[in-house]
Structures are given as structure tokens and as C-alpha cells.
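For reference, the chains in residue letters:
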Amino acid sequence: MSSSPIKVIFFDAVGTLFDVKGSVGEVYLTYAKKYGVPDTEHTQHALNAAFKQTMKDMPLPIFSVERPEKLKQCERLWWFDVVHAVFYRVGMFEGFDDFFEEVFEAFGKPIHWELFPETLETLAELKGQGFELGIISNFDSRFFQVSRGLGLSTFFDSVTISSLVGSAKPAKNIFAHALNEHMVIPQEALHVGDHPIEDFQGAQQAGLHAVLIDRSANNLPHHQQTLSNLIQLSSYDLLHL
């Protein structure tokens, strides 16, 4: 068992534990090319740039509904607006509605996602050390299907998804909800993620310890290049993150 003052380690999902296989633009083209969208490197770059900008412009995925069927409908409509805005920037095409249905379902399957190389080993080691593990993510309810397919679901004692709890990172409420799931105070929890505002600043402002996963190899304080570096952190290091 770990003697660390940290009792729970929370993880972001996309960009931290796993990511899109290839790129969003590449996946979009896999399904859009049969509708006449040019399958070129230029189109792929344009789609990736449009997706990045659209995600900055979109409101957070928070919905004031509780019934599962209504929630899933809201998630689908939110993503419809995202994908529609992407192709509005790049070039709309006939048959978009059918394309969206295909690509939305596709991203709910593990085929278009891949784990980072160290993910499973790191989670297994931390679990073996006695830490409770949880997810705090702005993903949607498709996370459950994806995580099962990637072999992640057995590691986590809790899953806190923005669309399910009505709050999204970096807001304090989503972190508070996750803490309540484990009956711990903020100082007993560490959050690990790849987004400097949603994950790192959000967690710190909620009172949690925080580590930013920065795979760009910048050796900055509180930054780690891979998840495996977490295993090497001592109890003192965790306390002073």
C-alpha cells in the first residue's frame, strides 16, 4: 500500500490516457470521401485546423437533462453542431446528415482511438500501490464504450463525465463531484491531464494537486512528459506538487 498523502489519482481521458488514432481530420475523411469530399493532405490539414478552432468556439458540453435518452440526444446534437461547423469552414457537401451519423457512431468505438504506450502499465502500477483511480473528463457518455474497448474500465473506481454531472472542466463543481465519489478532501487528490487550463489550472483552483502531461518535452515545473513518470514520484513529490 502507498504511504502517500494522496489517496486518489484522477485522470483526464482524451490526450492523457488515449487519443485519436491518426487525427480527427483523417477519421473524418475516412467517412466523408465517399460523399465526394477530396481525400487530400490539404483537406485533412484544413479539417484539423477547423476542428481545433471550432472546439475553442463551442460552449461547454453541459446539459440540463437527466434522463439517459435525453442526455444522449443532447450529446449527439452538440457534436452535430461541432462537425457541421467544421465542414462549414472547409466545405459543406450533400449527404452531410448521413455522414454525421456514421462518424458519430464511429467515434464511440475503440477502432479510432489508441492508448498511449505507457497507459496500461502506469495504471496497473498505481493501482498496485494502493491508489484509488478516477476519471474526470469533458468527454461524453461514449467514454464508457470506448474505455471498455481499450481495456481501461477495470482500473477506475469512479468516472466523472461533464455531460453526466452538469459541469465541465475547469469549473470547480466537476472536481467537487469527483471528490465526493471517493469521500476525500481536495488535498488528498491529484489530477493528471494534458490541458493547461481545463486540467492543470482547473484542478489547482479546486484545491487538488495537479500534474500536466506535456509530451512536447518541455522540462517545466509540474510538467511530466509521460504518465510513467508518475510512478517515480515520491510521497514528498506528490505532497508538494
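Residues numbered from 1 in each chain as written. Predicted model: local features only at pLDDT ≥ 70, side-chain atom pairs only at ≥ 80, totals over all residues. Heavy atoms only, no water.

(A) Geometry of the packing of helix α1 (residues 24–32) against helix α4 (residues 96–106). At their nearest, the axes of α1 and α4 sit 9 Å apart, and the two run at 130 degrees to each other. Between α1 and α4, the angle falls in the class oblique. Read as a crossing pair, α1 and α4 show a hand that is right-handed. Facing V27, Y28, Y31 and A32 of α1, the residues of α4 in contact are F99, E102, V103 and A106. For the contact of α1 with α4, the per-class residue count stands at seven nonpolar, no polar and one charged. (Axes fitted to C-alpha atoms, helices over the stretch in contact; angles between N-to-C directions. Helix = DSSP H or I, 4+ residues; strand = E, 2+ residues; numbered from the N terminus. Parallel < 35°, antiparallel > 145°, perpendicular 65-115°, else oblique. Left-handed = near helix turned anticlockwise from the far one by under 90°. Contact = heavy atoms within 4.5 Å. Nonpolar A, V, L, I, M, F, W, Y, C, P; charged D, E, K, R; others polar.)

(B) Inspection of the packing of aromatic side chains at higher detail. Evaluation of the coordinates by the stated rule reveals 23 aromatic pairs. A centroid spacing of 6.5 Å and a plane angle of 25 degrees characterise the contact between F18 and F143, whose relative ring orientation is stacked. Separated by 125 residues along the polypeptide, F18 in strand β2 (residues 18–20) and F143 in helix α6 (residues 143–150) bring together distant segments of the chain. By the burial criterion, F18 is buried, and F143 matches it. It is R142 that lies over the ring of F104; its NZ or CZ is 4.0 Å from the centre. Lying over the aromatic face of F116, R215 brings its terminal NZ or CZ to 3.5 Å of the ring centre. (Phe/Tyr/Trp six-rings, centres within 6.5 Å; stacked < 30°, edge-to-face > 60°. Buried < 20%, exposed > 50% of the residue type's maximum accessible area, 1.4 Å probe, protein only. Lys NZ or Arg CZ within 6 Å of the ring centre and 35° of its normal.)

(C) Main features of the pattern of salt bridges. Tallied over the entire structure, the rule returns 11 salt bridges. Here E102 makes a salt bridge to K34, at a shortest N to O gap of 3.1 Å. Taken together, the residues E102 in helix α4 and K34 in the loop between α1 and α2 (41–57) connect sequence positions 68 residues apart. Among the residues examined, E102 registers a relative accessible area of 26% and is labelled partly exposed. A relative accessible area of 59% means that K34 is categorised as exposed. Between R67 and E69 there is a salt bridge, with the nearest N and O atoms lying 2.6 Å from each other. (Salt bridge = Lys/Arg side-chain N within 4 Å of Asp/Glu carboxyl O.)

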